[in-house]
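# A look at the structure
Take a look at the letters that make up each chain.
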Amino acid sequence: MPFEYHTAAQTTFTKTLAPIPTPGNNSFLSDLVSSEPFDKEKPITAGFYRQESGEPLVYTYDYHEMKIIVEGEFLIADQSGQSVKAVPGDVFYFHPGDTITFSSPSYGLGFFCGQKSLGHV
C-alpha cells in the first residue's frame, strides 16, 4: 500500500477548517487523515485546529491527543491551573479527562494527532 501525501497541507488544507460550535464561533478544526479505514478498533486521526481571538474554547478530552503549535500563539490552560503561552514548536499531550481551555490574543494553528475516530469533535 502506498503512503499518503498531502502537499502544503498547512497552507492549503487549513483554508477549509470547519467551525467548532462555540459561543464566539472562533474555533475551527478539520481532520486531514485517519487510520480508521484500516483500524476501526483503535484509529488515530490527524488534522489542524485553529483558534482565533475572542471567546475561548473549553474542551474535555475523551481520547489521547498530541498537538504541535505550527503558527501564531495560544494560551492553553488545564483544570489544575497550569497555563502556558504556546508558540510554534511547542508540543502538548492531552490525556482523556483533561479539560483544556484554548484561547489566543490573535490566532494560533496547531497540528494534532489523536486516538479518535474520523470526524469526532
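For the structure, see preceding data.
In this report, the structure presented in the accompanying data block is examined. Small disclaimer: the values here were computed from a predicted structure and weren't measured.

### Points about the pairing of strand E5 (residues 65–72)
- Pairing between E5 and strand E8 (residues 91–94): four bridges, direction antiparallel. Note that in E8 the partner of Ile68 across the bridge is Val91.
- The pairing of E5 with strand E10 (residues 107–114) spans seven bridges and is classified as antiparallel. Paired with Ile69 across the bridge in E10 is Gly110.

### Re the pattern of salt bridges
- The full count for this structure, using the stated rule, is four salt bridges.
- Across the pair Arg50 and Glu52 runs a salt bridge, and its minimum N-O distance is 3.0 Å.
- Across the pair Glu73 and Lys85 runs a salt bridge whose closest N-O atoms are separated by 3.2 Å. Of this pair, Glu73 sits in the loop between E5 and strand E6 (74–78) while Lys85 sits in strand E7 (residues 83–86), and the two are 12 residues apart along the sequence.
- Residue Glu73 is classed as buried on the basis of its relative accessible area of 19%.

About the thresholds
Residues numbered from 1 in each chain as written. Predicted model: local features only at pLDDT ≥ 70, side-chain atom pairs only at ≥ 80, totals over all residues. Heavy atoms only, no water. Pairing = 2+ DSSP bridges. Helix = DSSP H or I, 4+ residues; strand = E, 2+ residues; numbered from the N terminus. Salt bridge = Lys/Arg side-chain N within 4 Å of Asp/Glu carboxyl O. Buried < 20%, exposed > 50% of the residue type's maximum accessible area, 1.4 Å probe, protein only.

By themselves, these observations are geometric and do not establish any function.
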